[in-house]
Amino acid sequence: MIRAQEQATAARVLLVEDNPGDADLVRLSLEDSGAGAFELEAVARLSDALTRVHASPAPDVILLDLTLPDALGLEGLQKLGAAAPEVPVVVLTGADRALGAAAIQAGAQDYLLKGAADAALVPRALRYAIARHEQAAHARLLAAERAARAAAEAARERMSLLAAAGTAVSHSLEDRHALASLASVVVPRLADWCAIRIRDTGEDAPRWVTVHRDGAGSAAIEATLDVAAREATRGPDAVAASARSELYQDVRAGSVPAPWRAALEELGTRSAMVVPIRLNEEVLGAIVFAALDRRFAPDDLAVAEEIGRRAGVAIANCRLYREARLAVAARDEFLSAAAHELRTPVTVLQLKLEQVAVKQQASICGTCDRAVPADYVGASRQVSRLGQLIESLLDVSRIAGGQAKLEREDVDLRDVARDAINRLAEVASRSGSEIVLRCPDPVRGTWDRLALDRVFVNLLSNALKFGERKPIEVRVMAEQEQAIIEVEDHGIGIAPDDVDRIFVQFERAVSSRQFGGLGLGLYITRRLVEQHGGKITVESEPGSGSVFSVRLPRAVSSPRSGGT
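In every chain, residue numbers begin from 1 and rise along the written sequence. For this predicted model, a pLDDT threshold of at least 70 governs which residues receive local features, and a threshold of 80 or more governs which side-chain atom pairs are given and counted, while totals over whole chains, interfaces and linings are taken from all residues. Hydrogens and water molecules were not included; the side-chain quantities draw on all heavy atoms of the structure.

## Remarks on unusual backbone geometry
Across the junction of Ser-56 and Pro-57, the peptide omega takes the value 0 degrees, indicating a cis bond. Each helix is a run of DSSP H or I of at least 4 residues and each strand a run of E of at least 2, with the numbering of both proceeding from the N terminus. When you line up the elements, Pro-57 lands in the loop between helix H2 (46-52) and strand S3 (61-65). Following Val-187, the chain continues into Pro-188 via a peptide bond in cis, with omega recorded as 5 degrees. Its location among the elements puts Pro-188 in helix H6 (residues 175-189). Phi is positive for Asn-280, which is not a glycine, with a value near 60 degrees.

## Overview of the nonpolar core
One recurring pattern in soluble globular proteins is that nonpolar side chains are buried together. Throughout this description, the term nonpolar core refers to a set of buried Ala, Val, Leu, Ile, Met, Phe, Trp, Tyr and Cys residues connected via side-chain atoms within 4.5 Å. Exposure is judged per residue with a 1.4 Å probe applied to protein chains only, and the accessible area is read against the type maximum: over 50% gives exposed, under 20% gives buried, and values in between give partly exposed. Judged by nonpolar contacts, the single largest core of 43 residues is most densely connected at Leu-413, Phe-456, Leu-460 and Phe-548. The set of elements that each furnish at least two residues to this core consists of helix H12 (413-423), helix H14 (449-466), strand S16 (472-479), strand S17 (482-489), helix H15 (521-531), strand S18 (535-540) and strand S19 (546-553). The element best represented in this core is H14, accounting for nine residues. By definition, residues are in contact when any of their heavy atoms lie within 4.5 Å. In this structure, Leu-460 is in contact with Ala-420, Ile-421, Leu-424, Ile-435, Ile-472, Val-474 and Val-487, ignoring residues within four places of it in sequence. The next biggest cluster of nonpolar side chains, apart from the first, holds 33 residues, and it includes Ala-168, Ile-196, Ile-287 and Ile-307.

## Comments concerning the pairing of strand S1 (residues 11-16)
Strand residues, when the strand is regular, have side chains that alternate between the two faces of the sheet. Burial of S1 is extensive: six of the six residues sit out of reach of the surface. Where burial is concerned, the two faces of S1 agree: the one with Ala-11, Val-13 and Leu-15 and the one with Arg-12, Leu-14 and Val-16 are both buried. As judged from the six bridges shared by S1 and strand S2 (residues 38-43), these two strands associate in the parallel manner. Bridge pairing in S2 places Leu-15 opposite Ala-42. The criterion for strand pairing is that DSSP finds at least two bridges linking the strands in question. In this structure, S1 lies alongside S3, joined through four bridges in parallel fashion. Of the residues in S3, the one forming a bridge with Leu-14 is Ile-62.

What follows is the structure, encoded as structure tokens:
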């Protein structure tokens with residue numbers, strides 16, 4: 001818009017006046033104000049003025065007569081204001097000051113009385129009208145900018161709150177902990193107190209989870225809301241039943257039912273929202289948000305409803321986790337029972353095979369000397385493998401049930417290593433790998449001998465399985481207050497992405513079709529090592545073999561997991 005105060009450029013004035021004499025007076029007044037200050041264009045009808053304001057360049061100000069052939073009174077002002085709201089208007093009227101004042105109320109910047117306007121008054125009124133209009137436009141622009149900034153900040157805060165709510169409910173897979181974290185995020189960022197109740201018949205399900213900004217106020221919320229819940233038409237129970245949110249911008253308003261209003265007022269609440277906890281179409285409960293000294297708006301309700309949906313997802317995850325834990329517990333119980341049931345007949349079968357071996361060695365029958373060993377060796381090998389699998393299942397069930405207790409005693413780690421190597425001598429012979437023990441001196445400590453025997457057997461069995469018929473080296477040494485076990489093979493190695501997961505239950509780095517086993521050996525080894533307060537690591541490269549390292553405190557230390 002062209003500024004009137006810029007003297008080098010003329011301000012464009014559109015005069016809407018049907019009286020030629022009055023139009024001439026205005027023209028003379030503007031000419032007397034200075035050469036080039038104003039550029040006047042005159043029309044006699046409102047229709048012509050409406051056409052002109054849409055042409056380019058637009059006028060900087062309009063001087064409008066309120067008595068025109070096609071518009072009387074404020075009609076012309078109203079139409080011009082609607083057609084060109086960005087152009088200020090100064091009205092011309094007769095002696096009717098009331099009409100001029102009404103015109104200002106209707107949007108005109110000023111009014112002039114015909115016959116009373118001298119040569120200096122008209123240009124001054126036009127300049128002021130342009131300046132005031134520009135100031136008003138600038139103020140509106142600033143107000144719009146502030147409103148946009150406030151809206152953007154409010155949107156950012158809503159997104160931040162929702163992100164924090166999503167993070168809060170993901171911190172725990174227990175209902176009460178997840179909901180308490182959620183309520184702690186909501187208060188005080190959205191509400192002054194918050195109460196959450198889920199519809200769950202489980203004994204462990206929380207009835208109410210409440211958080212108040214003052215801390216001490218939480219105790220009264222549950223009792224008060226339980227009384228209010230008897231009102232069936234409004235409140236948490238009604239929302240949970242209908243799946244429809246409730247917004248009470250002013251709790252004291254007559255639209256809030258008396259019992260529910262009384263409960264909210266007793267808690268000092270000015271405004272409240274109740275939203276369902278939803279999971280798709282299922283309603284799992286309700287959340288109450290309360291403000292003590294401000295009013296909730298529809299935007300707040302939208303945020304609250306989204307929080308309700310996120311709470312629904314969190315509760316569903318908690319229930320799935322609970323169901324999965326029960327399923328895992330049932331599986332472990334079954335594995336333990338099955339392993340115990342299998343252990344007895346396998347033990348009997350092993351004894352029978354040993355009896356066959358003894359009889360064969362004592363037999364003088366030449367045919368038996370050739371026939372029995374082949375049958376015996378194959379059967380004995382399979383029974384031994386079956387026994388190891390059963391022991392692995394029993395170990396897993398004991399670890400999962402917290403029943404794997406350590407029986408600590410003074411142990412020489414070198415003796416444990418020798419015993420394990422000797423027991424696996426036949427397996428090593430079949431695999432084509434030679435096991436070499438490097439431990440010149442005793443390495444003593446306070447450990448569970450059977451547990452460490454299991455560690456050696458599992459690590460050696462793993463090395464024999466993947467060692468590709470190459471030598472295996474076992475190193476046992478002492479380093480100050482720690483004992484170190486290293487089992488190195490030169491076999492297929494482990495990919496970097498698989499290094500961490502091979503110590504996880506039932507995880508494998510290779511195909512089960514190519515290499516047998518349940519994926520339990522290294523998991524059991526890790527747990528047994530951690531029970532001793534130790535740590536197991538592996539260094540490996542595909543095609544270059546692996547080195548499994550175990551570090552154990554030689555004295556009794558606190559276990560990292562499991563029992564002692």
